[in-house]
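Chain and residue survey
Single-letter residue listing:
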Amino acid sequence: MLENSVWFQYNKEKLIRSALADLYKCEVSQIVDNEGELYAILKRTMTKRELRFFAMTEAGISQGEIMEKLNIEAKDFDTMTHKSYRKIRQNTIQD
């Protein structure tokens with residue numbers, strides 16, 4: 001299901017669960033185990049641009065490349081980071 005997703009485009013190896021566990025600083029087992037459900041929650045919670053930003057950031061893509069691909073300026077990069085991760089840190093994804 002996730003083969004055509006924004007997440008899989010940038011993170012072929014890394015699971016959404018592990019990225020969220022790192023953010024929440026918790027065990028992977030505490031995060032919902034259905035990757036499709038997690039992706040659906042992220043899509044509902046974030047804008048397309050924020051989701052792409054999050055996927056690219058978690059993939060370790062450089063700030064310059066992210067700014068180029070998303071067509072954002074350096075001054076907007078921090079704002080995008082704050083908005084994206086703030087939405088994820090809301091406890092709607094943990095069990």
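Fair warning: this is a prediction, and the values are worked out from it, not measured in the lab.

It is worth spelling out the packing of helix H4 (residues 48-58) against helix H5 (residues 63-70) at this point. Relative orientation and spacing of two packed helices are given, respectively, by the angle between their axes and the distance between those axes. Two elements in contact, H4 and H5, have axes separated by 11 Å at closest approach and are oriented at 155 degrees. With respect to each other, H4 and H5 are oriented roughly antiparallel. Here H4 runs over H5; the crossing is right-handed. Residue-level inspection shows Arg49, Arg52, Phe53, Met56 and Thr57 of H4 in contact with H5, the latter providing Glu65, Ile66, Lys69 and Leu70.

For Lys25, which is not a glycine, the phi torsion comes out positive at approximately 55 degrees. Note on placement: Lys25 falls in the loop between helix H2 (16-24) and helix H3 (35-45).

Looking now at the side chain of Glu58. As for its placement among the helices and strands, Glu58 is situated in helix H4. A residue is classified by how much of its surface remains accessible, and Glu58, at 16% relative accessible area, is buried. A distance of 3.0 Å separates polar atoms of two side chains, one belonging to Glu58 and the other to Lys14. Apart from the residues lying within four places of it in its own chain, the contact partners of Glu58 are Trp7, Asn11, Lys14, Ala19 and Tyr85.

We now examine the nonpolar core. One finds Ile16, Leu20 and Phe54 to be the most contacted residues of the largest nonpolar core, which totals 31 residues. It is H2 that provides the largest number of residues to this core, a total of six residues. Setting aside residues up to four positions removed in sequence, Ile16 forms contacts with Leu2, Trp7, Glu35, Leu38, Tyr39 and Leu42.

For H4, the complete set of buried residues consists of Glu50, Leu51, Phe53, Phe54, Ala55, Met56 and Glu58. Buried positions along H4 lie against helix H1 (6-10), H2, H3, H5 and helix H6 (74-89). Phi turns positive one or two residues past the end of H4, at Gly60, with a value near 85 degrees.

Further remarks concern H5. Inspection of H5 places Ile66, Met67 and Leu70 among the buried residues, and these make up the whole buried set. All buried residues of H5 project into a common sector of 100 degrees when viewed along the axis, lining one side. Its buried side turned inward, H5 meets H4 and H6.

With the rule as written, the count across this model stands at three aromatic pairs. Relative to Phe77, the ring of Phe53 lies with its centre 5.2 Å away and its plane at 65 degrees, an arrangement referred to as edge-to-face. Residue Phe53 is found in helix H4, and its partner Phe77 is found in helix H6; the two are separated by 24 residues along the sequence. For Phe53, a relative accessible area of 1% corresponds to the buried category.

Rules and cut-offs
Residues numbered from 1 in each chain as written. Predicted model: local features only at pLDDT ≥ 70, side-chain atom pairs only at ≥ 80, totals over all residues. Heavy atoms only, no water. Axes fitted to C-alpha atoms, helices over the stretch in contact; angles between N-to-C directions. Helix = DSSP H or I, 4+ residues; strand = E, 2+ residues; numbered from the N terminus. Parallel < 35°, antiparallel > 145°, perpendicular 65-115°, else oblique. Left-handed = near helix turned anticlockwise from the far one by under 90°. Contact = heavy atoms within 4.5 Å. Buried < 20%, exposed > 50% of the residue type's maximum accessible area, 1.4 Å probe, protein only. Polar contact = N/O pair within 3.5 Å; in protein donor to acceptor, adjacent residues only side chain to side chain. Core = buried A, V, L, I, M, F, W, Y, C linked by side-chain atoms within 4.5 Å. Arc of directions from axis to C-beta. Phe/Tyr/Trp six-rings, centres within 6.5 Å; stacked < 30°, edge-to-face > 60°.

Take it as geometry only, folks, not as evidence of what the structure does.
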